[in-house]
Amino acid sequence: MEYISANRYFRECFGRKVYKVAIDGGFTCPNRDGTRGNGGCIFCSGRGSGDFASDPRLSIADQVKQGIDLIKSKLPKGEEVGFMAYFQNFTNTYADIEVLRSKYIEAIEISEVVGISIATRPDCIDDDIANLLSELNRIKPIWIELGLQTIKDESVRYIWRGYDNKEYVEAINRLSQHGFHIITHVILGLPGETVDDMLATVRWVKEVACDFSDKPLQFGIKLQLLHVIRGTDLETDFRNGLFDTLTLEEYVEIVRRAVRIIDNKLVIHRITGDGDKRTLVAPMWSTDKKRVLNTINRALRET
Ligand code: SF4
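Residues numbered from 1 in each chain as written. Predicted model: local features only at pLDDT ≥ 70, side-chain atom pairs only at ≥ 80, totals over all residues. Heavy atoms only, no water.

Caption draft 1: Quick peek at the pairing of strand β4 (residues 142–149). Counting buried positions along β4 yields eight of eight residues, so the element is predominantly enclosed. Every second residue of β4 is oriented toward a common face, with I142, I144, L146 and L148 on one face and W143, E145, G147 and Q149 on the other, all of them buried. Relative to β4, strand β3 (residues 113–120) is paired through five bridges, and the arrangement is parallel. The residue bridging T120 from the neighbouring strand is L146, located in β4. Chirality of the crossover, the property in question, places the unit of β3, helix α4 (residues 127–137) and β4 among those that are right-handed. Taken together, the six bridges between β4 and strand β5 (residues 181–188) define a ladder with parallel strand orientation. Opposite Q149, over in β5, you have V186 as the bridge partner. (Buried < 20%, exposed > 50% of the residue type's maximum accessible area, 1.4 Å probe, protein only. Helix = DSSP H or I, 4+ residues; strand = E, 2+ residues; numbered from the N terminus. Pairing = 2+ DSSP bridges. Right-handed = clockwise from strand over helix to strand, strands pointing away.)

Structure below.
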């Protein structure tokens, strides 16, 4: 069973391999500053789910350039590649419109940057922000990432997501009209969720995408294994024995079924998680990314 990976899709869009450069735009989040909540989502690390991003004390342009230099230093000399500036930490549309504009422009103006990817929440995209992004989308293409995680009501409350599923649909409606690429982030393995619950979320994400766009592959999905990160409230529940994380075998089987549901209607931007080994509490098997990907790919080939 084949799937359309981000790597494959970016090659089709840009004619070369595209690397993401994670940057910290210095934002906060309405789920942390008291607007929607104070503690953040239950799984969120103190860095706003962006543990690989660059040093926020640097300017956006310097962060991007530093990330590009680091990646290039590991590539064969002369290899033609592109870079996607990835605003990863916290909620990257949560600021005054002119602040947003100047931060995005700093990244867009770097010649090797072929596009920008912006991680945010559905409740943080109003018409003004959509219009700004639309303006910038004419200069370089924009990918918007929305952290949905799940559609199950009990789970939404448990993880303290701080917005309801209706707000996600409204954001998709607003964003799809502007023709942005939209990626939805889904977590597999949330406490209390059955395999059917997880697959119901994947199915719903696909159905909403198909309802709002007939443009092939405008939409994508990230399948993220639940990671328990040190210092989070999720860690407390885990240590108190309130739930267990998925085994590799369980995860691979869920991914296999999710890929079948997605049925090449969405680009799969992530098929496992990128846990930071220094702060990961569980599941530790996920730190062996090569083994995880090989196991998933073997299972998909045999399907
Ligand atoms: S919305 Fe994102 S940044 Fe905000 S608390 Fe949740 S995971 Fe963290």
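Caption draft 2: Looking closely at the packing of aromatic side chains. Scanning all chains against the criterion turns up eight aromatic pairs. A ring pair is formed by F87 and Y104, whose centres lie 5.4 Å apart and whose planes are at 80 degrees; its orientation type is edge-to-face. Of this pair, F87 sits in strand β2 (residues 81–87) while Y104 sits in helix α3 (residues 97–108); the two residues are 17 residues apart in sequence, bridging distant segments of the chain. Note on accessibility: F87 and Y104 belong to one class, buried. Note on F238 and F243: the rings are 5.5 Å apart at their centroids and 55 degrees apart in plane angle, and the pair reads as tilted. Accessibility assignment for this pair places F238 and F243 in one class, buried. Joined through ring pairs, the aromatic side chains of F10, F14 and W143 make up one cluster. Stacked on the ring of Y86, the Lys or Arg K20 has its end atom at 4.2 Å from the ring centre. Over the ring of F27 we find K103, and its NZ or CZ is 5.3 Å from the ring centre. (Phe/Tyr/Trp six-rings, centres within 6.5 Å; stacked < 30°, edge-to-face > 60°. Lys NZ or Arg CZ within 6 Å of the ring centre and 35° of its normal.)

Caption draft 3: Spatial organisation of the state of the cysteines. Per the stated rule, a full pass over the model turns up zero disulfides. There is no disulfide at C124, and the cysteine sulfur nearest it, in C29, is 6.7 Å away. (Disulfide = S-S within 2.5 Å.)

Caption draft 4: Representation of the side chain of H181 within the structure. Relative to the helices and strands, H181 resides in strand β5. H181 gets classed as buried once you look at its relative accessible area, which sits at 12%. At a separation of 3.0 Å, a polar atom in the side chain of H181 contacts the side chain of Y9. Not counting chain neighbours up to four residues away, the residues in contact with H181 comprise Y9, I142, W143, I144, L217 and Q218. (Polar contact = N/O pair within 3.5 Å; in protein donor to acceptor, adjacent residues only side chain to side chain. Contact = heavy atoms within 4.5 Å.)

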